[in-house]
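Understanding the architecture of this molecule
Chain residues, written in single-letter form:
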Amino acid sequence: MTLRTHDLTLHGRRVRVHEHLPATDDGDEAIVLLHGIAGSAGTWAPVLQRCAGLGRRVLAPDLPGHGDSDAPRTDYGLGAMASIVRDVLAVSGVRHATVVGHSLGGGIAMQFAYQFPEMCDRLVLVGSAGLGPEVSPVLRATALPGAPVFLALTVNRWTLALARAVAGVGRRLGGSLKSETRELAGHFGSLADPGRRRAFLAIARSLIDLRGQRASAVEKLYLAESVPMLLVWGARDPLIPAAHGRRTATLLPDSRLTVLENVKHFPHVADPDGFCLLLNEFVSGTTPARLTLDDVVARLLAG
């Protein structure tokens, strides 16, 4: 097993990619892992470390405006993000992929399947956005006029340093944070960087208003009926409720749904061994979709 990190230059901008290479080449098939809003490919580190059992190439990019990729003033809509994923795969020699998306990454995964159906073998949606209006009040608050100023005042290098100092004192006193809490804190802390904060607000405001998520893939799910789909949710997810996964599984009866008890918004972090087992069983036990444009046209006409 080989783990490597490298940079791609796409449209003049740097995109960081973390990659697992199997012992034997799996051809032009791969698994691509897409992180959530304010996150990075680092959220998939526990999965990448366990990829040997998957037996295939795995790529985890830092999406534009996240992690170690550039954060330009640009279009951060789902369509633009899906196109970047296509570009990462294309220049990496990948023509067909199982697309795994967490939170915002799930919305991008569904958009990718809609825009580039011939490249999408399977979909794995983990606490995914885009499947219902309900969302955490904290995320809805990003639509408020004062949100940019509030974030700049509350999440910056000084408040981040203070939070780290407090956490250090807690550790010395014997306290510890659960893995999901650390992951969420890392996401929040990334907003201390002005470029990443700008990207966060652009994405959130394009998808969410004060009533909840505006962007929805529900009315287009029929186009993915022949694409194998795995839904993974935490039963205690406070950001995007597990009811979204249950409703989607009802709409797509051939999909697989797993709801993990005592898990919140990061199932792949809370239980990476269990998540990798689910992913491996799903990939090895399903046949890739391999849709053509004619297949998509037929479904659109049958609507």
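Residues numbered from 1 in each chain as written. Predicted model: local features only at pLDDT ≥ 70, side-chain atom pairs only at ≥ 80, totals over all residues. Heavy atoms only, no water.

1. With respect to the overall build of the protein chain
Stated formally: Put simply, DSSP marks the helices as runs of H or I at least four residues long and the strands as runs of E at least two long, and each gets a number from the N terminus on. Here the globule rule is a power law, 2.2 Å times the number of residues to the power 0.38, and the radius of gyration is based on C-alpha atoms. For every residue, the accessible area (1.4 Å probe, protein chains only) is compared with the maximum for its type, and the residue is labelled buried under 20%, exposed over 50%, or partly exposed between those bounds. In this analysis, two residues are considered to be in contact whenever any of their non-hydrogen atoms come within 4.5 Å of each other. Where accessible areas are quoted, they stem from the Shrake-Rupley method and a 1.4 Å probe; at the residue level, only the protein chains shown are allowed to cover.
Along the protein chain, the regular secondary structure elements total 12 helices and 10 strands. Compactness check: the protein chain gives a C-alpha radius of gyration of 19 Å against a globular reference of 19 Å for 303 residues, within 12% of the reference. For the protein chain, the C-alpha atoms occupy an extent of roughly 55 × 45 × 45 Å along the three principal directions. Per-residue burial over the protein chain gives 51% buried out of 303 residues. Within the protein chain, contacts between residues separated by at least 24 positions form 77% of all contacts whose residues are at least 6 apart in sequence. Summing over all exposed atoms, the protein chain offers an accessible surface of approximately 13,800 Å²; the carbon and sulfur share of this is 57%.

2. Examining the pattern of salt bridges
Going by this rule: Each reported salt bridge corresponds to a side-chain nitrogen of Lys or Arg within 4 Å of a carboxyl oxygen of Asp or Glu.
Under the counting rule described, the total for this entry stands at 13 salt bridges. One salt bridge in this structure joins Arg 196 and Asp 193, with 3.2 Å as the shortest N-O distance. Judged by its relative accessible area of 17%, Arg 196 is buried. Each of the salt bridges in this network shares a partner with another, and the network as a whole consists of Glu 29, Arg 56, Asp 121 and Arg 290.

3. A word on the nonpolar core
The following threshold applies: Nonpolar cores are built from buried Ala, Val, Leu, Ile, Met, Phe, Trp, Tyr and Cys residues. Side-chain atoms within 4.5 Å join them into one set.
Ranked by size, the top nonpolar core spans 64 residues in total, and within it Val 85, Leu 89, Val 99, Ile 108, Phe 112, Leu 123 and Phe 200 carry the most contacts. For this core, the leading source of residues is helix α2 (residues 78–91), giving 7 residues. Apart from residues no more than four positions distant in its own chain, Leu 123 is found in contact with Val 99, Ala 109, Met 110, Ala 113, Val 227, Pro 228, Met 229, Leu 230 and Phe 282. One finds Leu 33, Leu 54, Val 100 and Leu 278 within the second-largest nonpolar core, a separate group that totals 23 residues.

4. What about the packing of aromatic side chains?
Here is the rule we go by: Each aromatic pair joins two rings of Phe, Tyr and Trp (for Trp, the six-membered one) with centres within 6.5 Å, and gets the label stacked for planes under 30 degrees apart, edge-to-face for over 60, and tilted for any other angle.
For the coordinates displayed, the defined rule picks out 2 aromatic pairs. With a centroid separation of 6.1 Å and 40° between ring planes, the pair formed by Trp 44 and Phe 275 is classed as tilted. You can see Trp 44 sitting in the loop between β3 (29–34) and α1 (45–48) and its partner Phe 275 sitting in helix α11 (residues 272–284), a full 231 residues away along the chain. Neither Trp 44 nor Phe 275 differs from the other in exposure class; each is buried. Aromatic pair Phe 112 and Phe 116: ring centres 5.4 Å apart, planes at 55°, arrangement tilted. Phe 112 gets classed as buried once you look at its relative accessible area, which sits at 0%.

5. Observations concerning the confidence of the model for the protein chain
Quick note on the threshold: Confidence of the predictor at the level of single residues is captured by pLDDT, which takes values from 0 to 100.
For the protein chain, per-residue confidence averages 90 on the pLDDT scale, and residues scoring 70 or more make up 92% of the total. Confidence, read as mean pLDDT per element, is least for helix α6 (residues 157–172) in the protein chain (59) and greatest for strand β9 (residues 229–234) (98).

6. What to know about helix α9 (residues 243–251)
Selection criterion: Comment: arc refers to directions from the helix axis out to C-beta atoms.
Among all positions of α9, only His 244, Gly 245, Thr 248 and Ala 249 are buried. Viewed end-on, α9 has its buried residues packed into an arc of 135°, placing them on one side of the element. Those residues of α9 that are buried are in contact with β8 (212–213), β9 and β10 (256–260).

7. Points about the sheet that holds strand β2 (residues 13–21)
What counts here: Here, any two strands with at least 2 DSSP bridges between them count as paired. Between the N-to-C directions of two axes lies an angle of 0 to 180 degrees, each axis being a line fitted to C-alpha atoms and, for a helix, fitted only over the stretch in contact.
Spatially, β1-β2-β4-β3-β5-β6-β9-β10 is the arrangement adopted by the 8 strands of the open sheet, whose pairing is mixed. Here the strands that pair on one side only, and so sit at the sheet edges, are β1 (2–10) and β10. Going across the sheet, the axis of each strand differs from the next one's by a mean of 20°, ignoring polarity. Examined bridge by bridge, strand β5 (residues 96–102) and strand β6 (residues 120–126) share 6 bridges and lie parallel to one another. Looking at β6, one finds that Val 99 is bridged to Leu 123.

8. Here's the deal with the side chain of His 265
What counts is decided by this rule: Each polar contact in these results corresponds to two N or O atoms within 3.5 Å; when the atoms are within protein, one needs to be able to donate a hydrogen and the other to accept it, and residues that are neighboring in sequence are counted only if both atoms are side-chain atoms.
With respect to the helices, strands and loops of the structure, His 265 is situated in the loop between β10 and α10 (267–270). At a separation of 3.1 Å, a polar atom in the side chain of His 265 contacts the side chain of Ser 103. Within the structure, His 265 has its side chain in polar contact with the side chain of Asp 237 (distance 2.7 Å). Apart from residues no more than four positions distant in its own chain, His 265 is found in contact with His 102, Ser 103, Gly 127, Glu 180, Asp 237, Pro 238, Leu 239 and Ile 240.

9. Some points on the pairing of β5
Condition: Throughout, right-handed denotes a crossover for which the path from the first strand over the helix to the second runs clockwise when the strands point away from the viewer.
Of all 7 residues making up β5, 7 are buried, and the element is well covered by its neighbours. Neither face of β5 is open: one carries His 96, Thr 98, Val 100 and His 102, the other Ala 97, Val 99 and Gly 101, and all of them are buried. Across 6 bridges, the pairing between β3 and β5 is parallel. Residue pairing across strands places Val 32 opposite Val 99, the latter belonging to β5. Between the parallel pair β5 and β6, the chain is carried across by helix α3 (residues 104–115), and the sense of this crossover is right-handed.

10. Observations regarding the environment of Leu 301
Mapped onto the elements of the fold, Leu 301 is located in helix α12 (residues 293–302). Residue Leu 301 is classed as exposed on the basis of its relative accessible area of 73%. On a C-alpha basis, the gap between Leu 301 and Ser 128 in space is 28 Å, while along the polypeptide they are 173 residues apart.

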